[in-house]
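# Residue-level structure breakdown
Next come the chains, spelled out residue by residue.
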2 protein chains.
Amino acid sequence: MGGADIERLIALLARLPGLGPRSARRAALALLRQPQARMLPLAQAMEQAARSVRTCSTCGNLDTRDPCAICTDPGRDRGVVCVVETVGDLWALERAGVHRGVYQVLGGTLSALAGTGPDDLNLAPLLARLEAGGVREVILALGATVEGAATTHWLQDRLVGFDVPVSRVGQGLPMGGALDVLDDGTLAAALTARKIHS
Amino acid sequence: MGGADIERLIALLARLPGLGPRSARRAALALLRQPQARMLPLAQAMEQAARSVRTCSTCGNLDTRDPCAICTDPGRDRGVVCVVETVGDLWALERAGVHRGVYQVLGGTLSALAGTGPDDLNLAPLLARLEAGGVREVILALGATVEGAATTHWLQDRLVGFDVPVSRVGQGLPMGGALDVLDDGTLAAALTARKIHS
C-alpha cells in the first residue's frame, strides 16, 4: 500500500523507541500529508544533527562541540563530578537544574546479563580528572536497579584510593508518591534513609 | 543541553503523532547514538518519500505513482468503489484484505466544529467516475462517529441520482468484543443489525 518508499519510511519509524508499527504508520501519514512543512525539515534536522553532534571526550555528553557546553561553562563547578549512566540521565538532571557541577557519563552499568564489564564503562576520563586534582566530590547518580547498585558499589571501591569524598544520591519516596502504591524496596529505602527532626 | 541541533531534532520529533516531549528525547538519543546506522537512513527515507510520494488524482491515495497501484491494478474491480475518510482508513482496509474494488478518499468528513463543508471533501473524482459509468456499487465506509454518520447520510442523498446501489458498512460487535465492556451505542447498533438464523 503506497509503494516501497512509504513502506521503508514506516519500517524505519517503527524502530524508534516508543513507536510501534501502528504509531509508525500514523507518524508516516502525518509526515506524508505535509512533505514540505514537516517531513523535509525533520529529515534536514536529522542530517544536520548526524553531521554535527559528537561525544564530549571529557564527560561523554552529546553536543555539537567537544568539550561540550557543560564542560566549558565557566559558571559550572568542575570540582563536583556527577557520574550518570546515560546521556538521557544527564539531560534529566539538567532539566531539573539540580546539579551545578560537571558530569561523567559511564555509557552503561556493570551487568552480567548484558555482558558489560568494567572495561566497557567510560571511566578513564574521570580517573584522569581525579589524578589531575581539583575534584572535591564525586556524586554517584546511578539508577536504583540491581545493575545500578552493583556499579555504585564497584565505583565506591574503585575510587577509594583518590582521597576524594564519594557520595551517592539518596533513595526514598518519590515526590507526590503515596505510600500504599510504592514497592517494598522503596519503602525499605525510605525508612532506612529517615532523618530525625530534632 | 546538547546544543541547538539536538533541541531542534527533539522539537520536530515531538510534533509527530504518538510522540510527546519525553519519548521524542528518547527517540533522539537512540538516533544520536547511531548516526550512520539509524539517523541518516531515516533522514534519507524521509527525503526520498517527500520527493516521490504524491496523491492519486483518481482516488486520493498516497503512492509514488499517479494513478496509484490500486487504481492501476488489473486484478481489482473498478466497479465497486469504497468511500473512506482518510488514507489511513484505506491502509487499514488493505491490511485486512477485505476489499477487492477501488477507493475514494474523501480527506475528511462533514463537521461544523472543524468547519468542513461539502466543498472541502474530495468527491469530484467519484462523481466523474459515476458519470462515466461502469460503477456497480458505492460502499460508504466512514467511521461510526457523529461526523461519519452525518457524512454517510449526506452522501446517500448526494448519490441518489446516479442509479447505483449505495451501501454502508455494518455496525455491531467488534470481533472478540465482550458485551459488558461495549458502549450503549454499539449494543443498540448490534441489536438493530441482528440477523435471523432461520
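Residues numbered from 1 in each chain as written. Chains lettered and ligands numbered in written order. Predicted model: local features only at pLDDT ≥ 70, side-chain atom pairs only at ≥ 80, totals over all residues. Heavy atoms only, no water.

If you check an unreviewed UniProt entry, chain A appears there as Recombination protein RecR from Gluconacetobacter sacchari. Chain A has a UniProt comment under Function (unreviewed entry) that states "May play a role in DNA repair. It seems to be involved in an RecBC-independent recombinational process of DNA repair. It may act with RecF and RecO." The UniProt entry for chain A carries this comment under Sequence similarities (unreviewed entry): "Belongs to the RecR family." (UniProt positions renumbered as here; feature names shortened; annotations may be inferred.)

Residues and elements named next belong to chain A. P67 follows D66 through a cis peptide bond whose omega is 5 degrees. Assignment of secondary structure puts P67 in the loop between β2 (62-63) and α4 (69-72). With a phi angle near 60 degrees, D163 is a residue other than glycine that sits in the positive phi range. Considering the arrangement of structural elements, one finds D163 in the loop between α7 (146-158) and β6 (166-168). (Helix = DSSP H or I, 4+ residues; strand = E, 2+ residues; numbered from the N terminus.)

All right, on to the side chain of Q104(B) then. Residues and elements named next belong to chain B. Along the polypeptide, Q104 turns up in strand β4 (residues 101-105). Judged by relative accessible area, which is 0%, Q104 ranks as buried. A polar contact is formed between the side chain of Q104 and the backbone oxygen of N122, at a distance of 2.7 Å. Among all residues touching Q104, those that are not within four sequence positions of it are T58, C59, V81, C82, V83, V84, N122, P125, L126 and R129. (Buried < 20%, exposed > 50% of the residue type's maximum accessible area, 1.4 Å probe, protein only. Polar contact = N/O pair within 3.5 Å; in protein donor to acceptor, adjacent residues only side chain to side chain. Contact = heavy atoms within 4.5 Å.)

Our focus in this paragraph is the domain arrangement of chain A. Domain annotation for chain A reports domain 1 (10-52) and domain 2 (77-168). Distance from the C-alpha centre of domain 1 of chain A to the C-alpha centre of domain 2 of chain A: 34 Å. (Domains from an automatic or database assignment.)

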